[in-house]
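Secondary and tertiary structure notes
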Amino acid sequence: MAPRPEEAGGSAGEAASAPPRGPGREMAAVLAGGSGRVVREAARRSAVRPPAPGGWGCALGGKRYLLTEEDMKLQEFQQMKVAIRNELHGNKDQYFKNIKEKLNKNGIILKNELKNLLHLCQTSSDVELARKVIYRYHEQNGITTLHNFKFGPLFMRMCYELDLERPAVELIKDQNLHGFFSDSTSFHILMTMLFKKGHFESALEVLVEMKKQGISFSKETYLLAFAICYKLGNLESSQISVRLLEEAQLKGDTLPLRAYCFAMATALKQNDVAQAKFYCSQIMRTENKLYNNLKVLVQLRSGLLKEVINTLEAAVEVDTPPFVKKTEFSEQVLATVREKMEENPDLSVKLGNIYMKLQASGQITMCTLEDMLFQIPSSKKTTAKLLKHKQLGYQAANPLWSNLLLE
């Protein structure tokens, strides 16, 4: 049974990972070669009217999102930090001193003592103490006690807030702590932290570790996995996307629509149009904006120019109530289409007419495809505050997306 996209539709230290080497990198360079004109054309047409408020609109260079605050629970963690500090009346130093004495005397570490400690850490040296306490606690209690309270996500939220990925990676891979990180949330938070810092290969290693430890994959796992593969943008990551989808199909797992879209984008980077078309065929909710923009690129790369015209024409002519937002197309995509249509004068004229209609009805957006990929729809925004994907993690957005444009 093929996995279905979720009903919600196209709903996240060290130097950044080096660019992929070998054939994948060479192909990326070749594909990027002909995209300059398209990018310049998109910039030239910046007079496009802005998207209507409350919809899928976004500002150029806007924030990037993967997981919601509901998934990460960072605000809850921060609120608890304040509450615990108030309970101790600011006597953090004395608390840490007492914990160190317990360690030295081989005393029993209590659950609440570890919880408080993780909420009080502020520096890397604090984290080093927390690390020692975690090992002692796990040694004393084993896996049994961990079923009552999962410390893994708490430790990862602490590392995320303090921007310390190294101890997080080391501990989650340490076999001596087997069972301590027995939940998917711990892995999700760590992968998100590595992703936003641009450490995509490290994020992939954490995903592999999650699989090795037998942690079940959820919708959020698949979303992160396909996003990581997209950012790596090489042949190997494209093959990983294929294997992930096959595995999901065998298990009957449900994939988010956005995961399919990341997979489509990854396949297009590798010029694997057949695979991109297959991903496209798996998406049931075809009124989604991101899907339709990617579909146009797949049709274009397949040489199906008349189908491109038909897709754009259908979006203009669809009869929708005034309160229903029509599908928007990225100016970046339309500039790419325009360049290819120059090979066929008749279709080029048709495209010009469609473009004017799209513009008149407010169906053109300056959002790039990368913007759309990292944007959560308004249906999700109303239920949770979103977690920002920092600028560092997306600096290479436009060069990467140039791989999807025409050669």
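Residues numbered from 1 in each chain as written. Predicted model: local features only at pLDDT ≥ 70, side-chain atom pairs only at ≥ 80, totals over all residues. Heavy atoms only, no water.

This next bit is on the packing of helix α13 (residues 235–251) against helix α14 (residues 257–269). Running from N to C, α13 and α14 cross one another at 145°; their axes reach a closest spacing of 9 Å. In this structure, the crossing between α13 and α14 has a hand that is left-handed. The segment α13 lies against α14, with Ser-237, Ser-238, Ser-241 and Leu-245 engaging Tyr-260, Thr-266 and Ala-267. Residue classes in the contact of α13 with α14 are distributed as three nonpolar, four polar and no charged. (Axes fitted to C-alpha atoms, helices over the stretch in contact; angles between N-to-C directions. Helix = DSSP H or I, 4+ residues; strand = E, 2+ residues; numbered from the N terminus. Left-handed = near helix turned anticlockwise from the far one by under 90°. Contact = heavy atoms within 4.5 Å. Nonpolar A, V, L, I, M, F, W, Y, C, P; charged D, E, K, R; others polar.)

Moving on, we come to the packing of aromatic side chains. Per the stated rule, a full pass over the model turns up eleven aromatic pairs. For the ring pair Tyr-230 and Phe-374, a centre distance of 6.5 Å and an interplane angle of 55° mean the geometry is tilted. Taken together, the positions of Tyr-230 in helix α12 (residues 219–232) and Phe-374 in the loop between α20 (369–373) and α21 (378–381) put the pair 144 residues apart, joining distant regions of the chain. Taking the relative accessible area as the measure of exposure, Tyr-230 reaches 0% and is therefore buried. Taking the relative accessible area as the measure of exposure, Phe-374 reaches 0% and is therefore buried. A ring pair is formed by Phe-278 and Tyr-279, whose centres lie 6.3 Å apart and whose planes are at 55°; its orientation type is tilted. For Phe-278, a relative accessible area of 33% gives the class partly exposed. (Phe/Tyr/Trp six-rings, centres within 6.5 Å; stacked < 30°, edge-to-face > 60°. Buried < 20%, exposed > 50% of the residue type's maximum accessible area, 1.4 Å probe, protein only.)

What follows concerns unusual backbone geometry. Positive phi, normally seen in glycine, also occurs at Lys-73, with a value near 55°. Position of Lys-73 among the secondary structure elements: in the loop between α3 (69–72) and α4 (74–87).

Our focus in this paragraph is the pattern of salt bridges. A complete count under the given rule lists 15 salt bridges for this structure. Two residues, Asp-126 and Lys-92, come together in a salt bridge whose shortest N-O distance is 2.5 Å. Taken together, the residues span a long stretch of sequence, with Asp-126 in helix α7 (residues 124–146) and Lys-92 in helix α5 (residues 92–104) at a distance of 34 residues. Judged on exposure class, the residue Asp-126 and its partner Lys-92 are both buried. Connected through shared salt-bridge partners, Asp-163, Glu-165, Lys-196 and Lys-197 make up one network. (Salt bridge = Lys/Arg side-chain N within 4 Å of Asp/Glu carboxyl O.)

Okay, helix α19 (residues 345–360) next. Over its 16 residues, α19 runs 23 Å from end to end, which matches the ideal 22 Å to within 8%, given 1.5 Å per residue. Among the structural elements, α17 (305–317), β1 (329–330), α18 (331–341) and β2 (364–365) are those in contact with the buried residues of α19. With its phi angle positive at about 70°, Gly-362 sits one or two positions after the end of α19. (Expected span 1.5 Å × (residues − 1).)

Moving on, we come to the confidence of the model for the protein. Taken as a whole, the protein shows an average pLDDT of 78; of its residues, 74% reach a score of 70 or greater. Within the protein, the element-level pLDDT minimum falls on helix α1 (residues 23–32), averaging 30, and the maximum on helix α9 (residues 165–173), averaging 96. pLDDT under 50 marks residues 1–63. Its contacts with residues more than four places away, or in other chains, come to 158 contacts. Across residues 378–407 the pLDDT falls below 50, and counting only partners more than four positions away or on other chains, this stretch makes 95 contacts in the model. (pLDDT = per-residue confidence, 0-100.)

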